[in-house]
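Structure assessment
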Amino acid sequence: MSDGELIVRVLVADDDRLLREIAGATLEGAGFSVETVPGGDAAVAACARRMPDVVLLDVEMPEGDGYQACTNIRTLPRGCDVPIVMVTGLDDPKSIDFAYDAGATDFVVKPINWALLVHRIRYVLRGARTIEALRLSEQKNSALLRAVPDGIFLVSAAGTISHCFSPIAGLPAAQAHATDALHLSELLPREARPRSPAWRAPALRAAAVR
């Protein structure tokens, strides 16, 4: 970890005490802050108290299996965004499908290669941060478009409106959302409709050049 960088908090859930100790020592040695719990139910409770940055869940635990714990964590506040890595001793496709169906971000197979696990955690964190940055960017763009007083539409070559970014004031809400059935000419004054193909053509040619 570089100076000034926030320490990443990792939650490890496994019923094997020795594995928890190894995970704690290895991940703390790599600069992470680690909390360990012995089962899936305890992992859900820990996430409810304070959501970590990454969760490592063993699949088979007597006190709440990893699949159910993963599903339950996803229902918590901020639980839909936290990266969850499932740790399994089964590398068959069915077990992997179960992990992803439960909401897992990634999975690792036992015996664990601890050096590679550190890199795996950093990889899923980088992916999660990229997704969050994209989400924030989309929110900012949407807010900017909503603030524009003019109507902004995505129009096909045929003149059909496929998406409405900033509806024109006064356009009925039903029409603003049902843009797949709305034609651009329907928004124009009646006297201007015959001329709409003529001014669309140069715009389409300019877009094709770009």
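Residues numbered from 1 in each chain as written. Predicted model: local features only at pLDDT ≥ 70, side-chain atom pairs only at ≥ 80, totals over all residues. Heavy atoms only, no water.

Empty space among the atoms becomes apparent when a probe as large as a water molecule is rolled across them. On inspection of all chains with the given rule, the structure shows 1 cavity of 30 Å³ or more. Looking at the largest cavity, its volume works out to about 40 Å³. What lines the largest cavity is Val-12, Ala-13, Asp-14, Leu-19, Leu-56, Leu-57, Asp-58, Val-87, Ile-112 and Trp-114. Counting only elements with at least two residues in the lining of the largest cavity, the list comes to strand E1 (9-13) and strand E3 (54-58). For the lining of the largest cavity, the element with the most residues is E3, which contributes 3 residues. (1 Å grid on protein atoms, 1.4 Å probe; cavity = no way out; pocket = protein on both sides within 12 Å on 5 of 7 lines; lining within 4 Å. Points joined across faces, edges and corners; volume = space filled by probe spheres on them. Helix = DSSP H or I, 4+ residues; strand = E, 2+ residues; numbered from the N terminus.)

The element E3 is largely enclosed, with a buried count of 5 among its 5 residues. Every second residue of E3 is oriented toward a common face, with Val-54, Leu-56 and Asp-58 on one face and Val-55 and Leu-57 on the other, all of them buried. Looking at chain direction, E1 and E3 are connected through 4 bridges and run parallel. In the strand pairing of E3, Ala-13 is matched with Leu-57. Read as a crossover between parallel neighbours, the route from E3 over helix H3 (residues 66-74) to strand E4 (residues 84-88) is right-handed. (Buried < 20%, exposed > 50% of the residue type's maximum accessible area, 1.4 Å probe, protein only. Pairing = 2+ DSSP bridges. Right-handed = clockwise from strand over helix to strand, strands pointing away.)

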